[in-house]
Amino acid sequence: MKQLMTKWADNINEKNVLGEYPRPLMRRKSYVNLNGIWKYAIRETKGFPKKMDGDILVPFSPEAVLSGVNRQLKPEEYLWYKRRLPDEVKPEKGSRWILHFGAVDQCAVVYINGKKQGKHVGGYLPFSYDITEALKEEKNLLTVKVRDYSETCYYSRGKQKLKNGGMFYTAQSAIWQTVWIEKVPECYIGHLKITPLYDQSSIMIQMEEEHGIKDIDYEVTITARKMWPVKASGKTGKPCVIMIPHMRSWSPEDPFLYDLHVRMGEDSVESYFAMRKVEVKNDKEGIARIFLNNEPYFEKGVLDQGYWPDGLYTPPCDEAMIYDIQKMKDLGFNMIRKHIKIEPQRWYYHCDRIGMLVWQDMVNGGGTYPMWYVTYLTNALQPLLRYAPDGKLLWGLLGWKFTVVYVVVGMAAGMLGGWLLDLLRAERWLQPFLRGMLGVSGQAARDERNTRLGLEERHRFAWDEMTGIFRRVWRWVIIGVGLGALLHGFVPQDWFAAHLGQGQWWSVPVAVLVGIPLYSNVTGVVPIMESLLLKGLP
């Protein structure tokens, strides 16, 4: 298959890869970008490799063609990075050096000159370390060890999959956002939060010193086009409210931003904010609507996966991100739903600047996804749900009596269904079919597994035995509740009360007859618990 490339791929400068400041909400002048050519090695052992495999272009993942490696990191492997820090990074009286990682997927251990600085777990959020104490006068060495379990563990992974296809994309790993370092004074700004108080034409600033020192004085200056600077002062650890004269609202049609400068002692940062308010409330007809700046606002957007053909999770350059957002804006959209991925912070800044609302998904993890349940069944039910009477679909679950009835119905269906399955398992000609439908559950499958692995390893599958009852009861509760509520929603309440009374007796045969083929993989709770107990924490 021919490798697809973006139009920016040929213009990437190895000495200035994604060189823009990566944290627009808290910018400092003492910025040193560490992106570029690093050394890498992939090993199956935890120890420092004696020899590196070659060069990798950071921050592109080894699976991305732009990295120069184009190799899949497997769950049992470790990826080692190594590079020299710039000569300017060295101990300096009265200063600290902070090393930042935009994101590393999934588990990273950072070393400076062989000294461990910390471990971070999670592939989507930034993290940093104060590396000052580990620095030497020259030839400082940065080493990073990475392991990525992808879908073999419960960590957040989005749409990554080792074997891509269908709705899943190529799994990427390791460093995929900018690595950078900055110099700060001994006492420096560690946290800055700006909250617009739209109805009060004000903002609230909450600022913290890195070490938690309270009541340190700081000064704030707010500027914007054609506006006199607004100056105020506050203290760390306490909210500071500042009035914005002649406030100008932000909207996709008028994405107006204010600039903000904060100085605390010898430290200073630049930031920005927008005056806007987003909420969900009822309109004049009592219908829930999204309101922007106290007015109903119709949001029309796209589902943005955030994958690049040559960089995977990582855009080839800042211009590529801008082009992507601007093109959606030019096509008439005013909202982007960022689908189970967290972007680099500059992406959100460009959305604010260009005028795009963002719906941010949480990044999913957990156990194996049952495709029939996650995709096929939900898509099949959507056309039916469109015809369901408004307000009727789940009315049966609103009262505690109905909820109790559904749970009891589900448990009864579970017992009956389990009894029927045990009878079916006795028929040898049905066993292959049942194994394919039910997975590893069933005495026959357990016997085969014990024979294969030996008696000495039976204890490893004690968890299977303990959770057998839990699996059956829980899944049939879900089936009983779900099918009962779904079918109940299409029956008018008055007709139901007149003809069927207040009982849900018909849910039992429905749950048993329809639910048996759907017995396996209804919930991801058990696979997550199995990962924790059998595989252990990484």
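As shown above, the structure is provided for reference.
Residues numbered from 1 in each chain as written. Predicted model: local features only at pLDDT ≥ 70, side-chain atom pairs only at ≥ 80, totals over all residues. Heavy atoms only, no water.

Colleague: Provide a residue-level description of helix 1 (residues 318–330), including the pertinent values.
Modeller: Taking 1.5 Å per residue as the helical rise, helix 1 with its 13 residues ought to reach 18 Å, and the 18 Å between its terminal C-alpha atoms agrees with that figure. Buried within helix 1 we find Asp 318, Ala 320, Met 321, Ile 325 and Met 328. Looking at the buried residues of helix 1, the elements they touch are strand 25 (301–304), strand 26 (335–338) and helix 2 (345–354). Looking one or two residues beyond helix 1, the residue adopting positive phi is Gly 332, at roughly 105 degrees. (Helix = DSSP H or I, 4+ residues; strand = E, 2+ residues; numbered from the N terminus. Expected span 1.5 Å × (residues − 1). Buried < 20%, exposed > 50% of the residue type's maximum accessible area, 1.4 Å probe, protein only. Contact = heavy atoms within 4.5 Å.)

Colleague: How would you summarise the pairing of strand 16 (residues 202–209) if you had to cite specific residues and measurements?
Modeller: Sheet topology note: the strand 15 (residues 189–197)/strand 16 ladder contains eight bridges and is antiparallel. By the bridge assignment, Leu 197 is partnered in strand 16 with Ser 202. What sits between the antiparallel neighbours strand 15 and strand 16 is a turn of four residues, in which Ser 201 has the positive phi angle 50 degrees. Taken together, the four bridges between strand 16 and strand 19 (residues 240–243) define a ladder with antiparallel strand orientation. Residue pairing in the sheet places Ile 205 in a bridge with Cys 240 of strand 19. (Pairing = 2+ DSSP bridges.)

Colleague: Requested: an account of a negative patch on the surface, with residues and values cited.
Modeller: Taken together, the side chains of Asp 87, Glu 88, Glu 137 and Glu 138 make up a negatively charged region of the molecular surface. Mapped onto the secondary structure, Glu 138 falls in the loop between strand 9 (127–130) and strand 10 (141–147). Note on Glu 138: relative accessible area 54%, which makes it exposed. (Patch = residues over 30% accessible without salt bridge, like charges linked within 9 Å, V, L, I, M, F, W, Y side chains within 5 Å. Areas by Shrake-Rupley, 256 points an atom, 1.4 Å probe, with all protein chains shown as cover. Salt bridge = Lys/Arg side-chain N within 4 Å of Asp/Glu carboxyl O. Lys, Arg positive; Asp, Glu negative; His and termini not counted. Charge placed at Lys NZ, Arg CZ, Asp CG, Glu CD.)

Colleague: Please provide a residue-by-residue account of the environment of Leu 25, values included.
Modeller: For Leu 25, the location among the structural elements is in the segment before strand 1 (31–33). Judged by relative accessible area, which is 44%, Leu 25 ranks as partly exposed. The spatial distance from the C-alpha of Leu 25 to the C-alpha of Leu 192 is 8.2 Å, given a sequence separation of 167 residues. What Leu 25 contacts, discounting residues up to four positions off in sequence, is Leu 192, Glu 270, Ser 271 and Tyr 272.

Colleague: Could you give an account of a positive patch on the surface, naming the residues involved and the relevant values?
Modeller: On the surface, Arg 84, Lys 115, Lys 136 and Lys 139 cluster together into a patch of positive charge. Tracing the backbone shows Lys 139 in the loop between strand 9 and strand 10.

Colleague: Explain the pattern of salt bridges residue by residue, including any values.
Modeller: Under the defined criterion, the tally for this structure stands at 24 salt bridges. Between Arg 96 and Glu 133 there is a salt bridge, with the nearest N and O atoms lying 3.1 Å from each other. With a gap of 37 residues between them, Arg 96 in strand 5 (residues 95–101) and Glu 133 in the loop between strand 9 and strand 10 connect regions that are remote in the sequence. By relative accessible area, Arg 96 is classed as buried at 15%. Lys 341 serves as the salt-bridge partner of Glu 343, at 3.1 Å between the closest nitrogen and oxygen. In this structure Glu 343 comes out as buried when scored by relative accessible area, which is 5%.

Colleague: Would you mind going over the sheet that holds strand 10 in detail, with residue names and values included?
Modeller: The strand order 3-2-4-10-7-8 describes an open sheet built from six strands, whose pairing is antiparallel. At either margin of the open sheet sits one strand with a lone partner, and together these are strand 3 (54–58) and strand 8 (115–121). Averaged over all neighbouring strand pairs, the angle between strand axes comes to 30 degrees, with direction disregarded. Alignment of strand 2 (residues 36–43) against strand 4 (residues 78–84), held across five bridges, turns out to be antiparallel. For Ile 42, the partnering residue across the bridge sits in strand 4 and is Leu 79. (Axes fitted to C-alpha atoms, helices over the stretch in contact; angles between N-to-C directions.)

Colleague: Mind laying out the packing of aromatic side chains, listing which residues take part and the relevant values?
Modeller: Under the definition given, this model contains 22 aromatic pairs. By way of ring pairs, the aromatic residues Tyr 124, Tyr 169, Trp 176, Tyr 307 and Tyr 313 are connected into one cluster. Of note, Lys 7 hangs over the ring of Tyr 323, and the distance from its end group to the ring centre comes to 4.3 Å. In this structure, Arg 276 packs its charged tip against the face of Trp 250, placed 4.5 Å from the ring centre. (Phe/Tyr/Trp six-rings, centres within 6.5 Å; stacked < 30°, edge-to-face > 60°. Lys NZ or Arg CZ within 6 Å of the ring centre and 35° of its normal.)

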